[in-house]
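Now for the letters of each chain:
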Amino acid sequence: MGLLGAASLLAQDAPLTSSSVRIDLPEDSPVAVMRTDYGTSRTAARGAALVLDLNLSLTLRNISKNRIHGVTLRVVSQEVAMGGVGSVFQPGLNVGPGEAFPVHIVTKLMRPMQMSGGPLLQVNLDGVLFEDLSFYGLDKLHSRRIMVASEMEAQRDRTALKRLLAQGGNPALKDAVLKILSRREALPEIQGRIVRGRALTNAGLAAIAPERPEQFAFLQFPDGPIQLLRGSALISGSDARTPSIDVANLTDKPVKYVELGWVLTDSNGHSYMAGSLPSSDPAFSLAARGNGKVSQENTLEFSTGGKPLSIRKVTGFVNQVEFADGKVWVPTRQNMDSNPLLLQVMEPSVEEERLANLFVTKGIGALVDELKKY
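Quick caveat, the model's predicted, so the values are computed rather than measured.

So, about unusual backbone geometry. One non-glycine residue, H142, lies in the positive phi region at around 55°. Tracing the backbone shows H142 in the loop between β10 (135-136) and α2 (143-186). Take H142: its relative accessible area is 47%, and that puts it in the partly exposed class. A positive phi is found at T242, a non-glycine position, where the angle reads about 45°. Structurally, T242 is set in strand β14 (residues 239-249).

This is how it looks when you write it as structure tokens:
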């Protein structure tokens, strides 16, 4: 009867039910599931695949003795084919022992129709980050590094706002938050996509700008652990291909991950944050005082306002570093504030967004109370 029920579900669009979902938490998990709300989650047959359109919420309780500052869930419909694994990253938490908090899962996953048996969806705990930056979890999604970096940015930005509050009171804090909101609104629009190949006519080939190697300019942070030595990308009109940057480890500690940010400047002198250039090779490492290379094999095409971006200059900077001992480095507030280019193109951090939204919805008093919690 269970198999027949699953077959019936696969045959037509239907709401996602509790019998189709398995929430799998380890016995020593620091969080427990209190409630599951499936909301408008549905399954839909699409050819040979089943689409899981997820819009559900979990209410979790902190059953540990430590405050929780971040949670990452791994959401799986199937492990093998593309589109079967998703994640939910919940930063900016401040959940004490015994307290409950919601985690929303809003995504779409795919599952082959021929798969039978077992639940349609599994939700696993990939990681929990505590207030002291200690970590619990499988870390299949590198959630430890991601959450530690996010928490360090949050601590950095809260400290800056608390300092302004102490020095100038509510007016200084309000002015800082208004600048965050203004920076968010003024961000230049850019879209980027990976180009996997083009089929072009002779006319199309003639319209492509000649490809040229463009050397990276660098923003160097004096106190940063990584120095950018040299780098280039092949540029053709709005395309940037195979960016590559040589880096040097300035510390006595081995490095296992480096993430570089890069900025594009167009022919009109306008600059845009192109994204990140991570050391995605699992074998990447930098020995103490050693050198290495961060590169990407893809071709990326950029546009703004629906029109191709004419790339004239590329600029790189170090955005994140993870050492072999698990410690993480992110740019300081001084690093960011002393670089007008970064202030122009970088989005506010997750924590700046959270605090600014709190100010917009509840006012300066609520923001002050929130900062006092840390």
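Before going further, it helps to spend a moment on α2. Given a rise of 1.5 Å per residue, 44 residues ought to cover 64 Å, yet the end C-alpha atoms of α2 are separated by just 30 Å, more than 12% below that figure. Where α2 bends most, the angle comes to about 135°, and this point is G168, followed within four residues by the proline P171.

Right, let's get into the layout of surface pockets. Quantified by volume, the largest pocket comes out at close to 730 Å³. In this structure, the largest pocket is lined by 30 residues; those nearest its centre are E153, N319, M346, E347 and P348. Those elements giving two or more residues to the lining of the largest pocket turn out to be α2, β16 (271-278), β20 (311-323), α4 (333-337), α5 (340-345) and α6 (350-362). When residues in the lining of the largest pocket are grouped by element, the largest group, seven residues, is from α2.

As a further point, take the side chain of D266. With respect to the helices and strands, the residue D266 is situated in strand β15 (residues 255-266). For the buried residue D266, which engages in no salt bridge, the nearest side chain bearing the opposite charge is R312, 8.4 Å off. Apart from the residues within four sequence positions on either side, D266 is in contact with Y272, L309, S310 and R312.

Tallied over the entire structure, the rule returns four aromatic pairs. Arranged with centres 6.1 Å apart and planes meeting at 50°, the rings of F216 and W262 form a pair that is tilted. Here W262 lies in strand β15 and F216 lies in strand β12 (residues 212-218), a separation of 46 residues in the sequence. Summarising the burial analysis for this pair, F216 and W262 share the class buried. In textbook terms, an aromatic cluster arises when at least three aromatic residues are bridged by ring pairs, as seen for F216, F218, W262 and F302. One cation-aromatic arrangement involves R158 over Y374; the distance from NZ or CZ to the ring centre is 3.8 Å. One cation-aromatic arrangement involves K253 over F323; the distance from NZ or CZ to the ring centre is 4.3 Å.

The rules behind these values
- Think of each chain on its own: its residues are numbered from 1, step by step along the sequence as written.
- The model is predicted, so local features are restricted to residues of pLDDT at least 70 and side-chain atom pairs to those at 80 or more, both for listing and for counting; the totals for chains, interfaces and linings are taken over all residues.
- Only hydrogens and water are removed before side-chain values are computed, so all heavy atoms of the structure are retained for them.
- Helix numbering and strand numbering both begin at the N terminus, where a helix is a DSSP run of H or I of at least 4 residues and a strand a DSSP run of E of at least 2.
- Partly exposed residues are those whose accessible area sits between 20% and 50% of the maximum for their type, while under 20% is buried and over 50% is exposed, using a 1.4 Å probe and protein chains only.
- By definition here, a helix of n residues has an expected span of 1.5 Å times n minus one.
- Here the bend at each residue means the angle between axes fitted to two seven-residue stretches, the one ending at that residue and the one beginning there.
- Buried and open spaces are told apart on a 1 Å grid over the protein atoms alone, a cavity being a set of points where a 1.4 Å probe fits but cannot get out and a pocket being an open set with protein on both sides within 12 Å along at least five of seven lines. Residues with an atom within 4 Å of a point are the lining residues.
- Grid points are joined across faces, edges and corners, and a volume is the space filled by probe spheres set on the points.
- In this tally Asp and Glu are treated as negative and Lys and Arg as positive; neither His nor the chain ends contributes.
- Only one rule defines a salt bridge in this text: a Lys or Arg side-chain nitrogen within 4 Å of an Asp or Glu carboxyl oxygen.
- For this analysis, residues touch if any pair of their heavy atoms sits within 4.5 Å.
- Stacked, edge-to-face and tilted labels apply to pairs of Phe, Tyr and Trp rings (six-membered ring for Trp) whose centres lie within 6.5 Å, assigned for plane angles under 30 degrees, over 60, and everything in between, in that order.
- Only when the NZ of Lys or the CZ of Arg is both within 6 Å of the ring centre and within 35 degrees of the ring normal is a charge said to sit over the ring.

Honestly, that's just the spatial picture; any functional story needs more than this.
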